[in-house]
Amino acid sequence: QLACPLDLGCHSVGQVLSIKEVEEKNTSEVKNYGIWLRYNSRSNTTNMYKEFRDVSLNGAVGQLYNQMASLHRARFFSIQIIKTAVVANEEAKRPHIHQFMGEGVKFPLLHRIKRPALPKFRATFAARRPSTH
């Protein structure tokens, strides 16, 4: 027997008491996140699976919203996140995730401009261009 008869059309009622953002415990390690979602496009409803690399789940969801807005023109209110999970390196499916999984991946810091430690060491004019490489 059903707790709510089908002919009555029961509705749930409630109040939002508080909203708290859950922070990651370890943000020094990059992880792969898989996100299952459903969104309403202009013509139909579409289910999707997307993968992102980030240090936190909040960052991965932010990347998801940005990508859906840019590539699919989907607004945040038309996106429903069904499930999120941390994906191991071996289980990742997307090629743009695989390209950053090697052990020898390096990210050089380009265009570094050396600044003086204190304002009293700063010169108004320089005799030559700065070396930024």
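Residues numbered from 1 in each chain as written. Predicted model: local features only at pLDDT ≥ 70, side-chain atom pairs only at ≥ 80, totals over all residues. Heavy atoms only, no water.

1. A short note on the nonpolar core
Applied cut-off: Throughout this description, the term nonpolar core refers to a set of buried Ala, Val, Leu, Ile, Met, Phe, Trp, Tyr and Cys residues connected via side-chain atoms within 4.5 Å. Per-residue accessibility, obtained with a 1.4 Å probe over protein chains only, is compared with the maximum for each type, and a residue is labelled buried under 20%, exposed over 50%, and partly exposed between these values. Counting from the N terminus, the helices are DSSP H or I runs at least four residues long and the strands are E runs at least two residues long. Whether two residues are in contact is decided by their heavy atoms, any of which lying within 4.5 Å being enough.
Of all hydrophobic cores here, the largest spans 12 residues; its members are Y33, I35, L37, Y39, M48, F52, A60, V61, L64, M68, A74 and I79. At the level of elements, β1 (31-40), β2 (45-54) and α1 (57-71) are the ones that each hand at least two residues to this core. Ignoring any residue separated from it by four or fewer positions in sequence, one finds Y33 in contact with E24, K50, E51, F52, D54, V55, S56, L57, A60, A85, V86 and V87. Counting 5 residues, the second largest nonpolar core, distinct from the first, contains Y49, V87, I97 and M101.

2. Let's talk about the sheet that holds β1
Hydrogen bonds along the backbone pair up the strands of a sheet, which may run parallel or antiparallel. Rules: For two strands to be treated as a pair, DSSP must find at least two bridges joining them. Angular values range over 0 to 180 degrees, each being the angle between N-to-C directions of two axes fitted as lines to C-alpha atoms, with helices fitted over their stretch in contact.
Taken together, the 3 strands give an open sheet; going across it, the order is β2-β1-β3, and neighbouring strands pair in antiparallel fashion. Lying at the two open borders of the sheet, with one neighbouring strand each, are β2 and β3 (79-87). The average undirected angle you get between the axes of adjacent strands in this sheet is 20 degrees. With 10 bridges connecting them, β1 and β2 associate as antiparallel partners. Paired with N40 across the two strands is T45, which belongs to β2.

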